[in-house]
Amino acid sequence: MYLVHLHLNAPQGAGDLPHGVEAALAEAQPAVELAVRHVRAEADPVVALYMRAPDLHTAEYWAAAAWRLAARRTLGAGAWSLLKAEVPLLVVDELA
């Protein structure tokens, strides 16, 4: 299982991501176990996808493909741009 972050860029004047994006991501890609939106006040939103995939590269690729399909299927999401789909580097304090 991989955690992939979709970094999105909002169109000018947009508020939050359109409703239904998370469900559309799961419908677009069966490897998506869970999609969670992280709305950050200081930046554009990030959608976290928990993906079942054979390797990291495939997880990132499938996540980006899922976004493209979900954006076409969700009213208002087509104007949002995908900046990157990547597995985040997580630092565990106990190991640092």
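Refer to the preceding data block for the structure.
These remarks concern the structure in this document. (Residues numbered from 1 in each chain as written. Predicted model: local features only at pLDDT ≥ 70, side-chain atom pairs only at ≥ 80, totals over all residues. Heavy atoms only, no water.)

Moving on, we come to the pattern of salt bridges. Taken as a whole and assessed by the stated rule, the structure comprises 4 salt bridges. Between Asp16 and Arg37 there is a salt bridge; the shortest N-O distance is 3.3 Å. Placement of Asp16 in the loop between strand 1 (2-9) and helix 1 (21-28) and of Arg37 in strand 2 (residues 32-38) is noted, with a sequence separation of 21 residues between them. A relative accessible area of 18% places Arg37 in the buried class. Here Glu86 and Lys84 are joined by a salt bridge, their closest N and O atoms 3.3 Å apart. On the accessibility criterion, Glu86 (31% relative accessible area) is partly exposed. Bridged by salt links that share partners, the residues Asp16, Glu22 and Arg37 form one connected network. (Salt bridge = Lys/Arg side-chain N within 4 Å of Asp/Glu carboxyl O. Helix = DSSP H or I, 4+ residues; strand = E, 2+ residues; numbered from the N terminus. Buried < 20%, exposed > 50% of the residue type's maximum accessible area, 1.4 Å probe, protein only.)

Time to look at the environment of Lys84. Examined against the element boundaries, Lys84 turns out to sit in strand 4 (residues 81-86). Apart from residues no more than four positions distant in its own chain, Lys84 is found in contact with His5, Leu6 and His7. Only 3.3 Å separates the side chain of Lys84 from the side chain of Glu86, close enough to count as a polar contact. (Contact = heavy atoms within 4.5 Å. Polar contact = N/O pair within 3.5 Å; in protein donor to acceptor, adjacent residues only side chain to side chain.)

This part covers the side chain of Glu60. Note that Glu60 resides in helix 2 (residues 56-73). Within the buried core, Glu60 has no salt-bridge partner, and the shortest N-O distance to an opposite charge, that of Lys84, equals 9.8 Å. One polar contact links the side chain of Glu60 to the main-chain amide nitrogen of Val87, over a distance of 2.8 Å. Once residues lying within four places of it in the same chain are set aside, the contact partners of Glu60 are Val4, Ala85, Glu86 and Val87. (Lys, Arg positive; Asp, Glu negative; His and termini not counted.)

Our focus in this paragraph is the environment of Thr74. As for its placement among the helices and strands, Thr74 is situated in the loop between helix 2 and strand 4. The class of Thr74 is buried, set by a relative accessible area of 8%. Once the C-alpha coordinates of Thr74 and Ala23 are considered, the two residues, 51 residues apart in sequence, prove to be 9.4 Å apart. Here Thr74 is in contact with Pro18, His19, Gly20, Val21 and Ala24, once residues within four sequence places are set aside.

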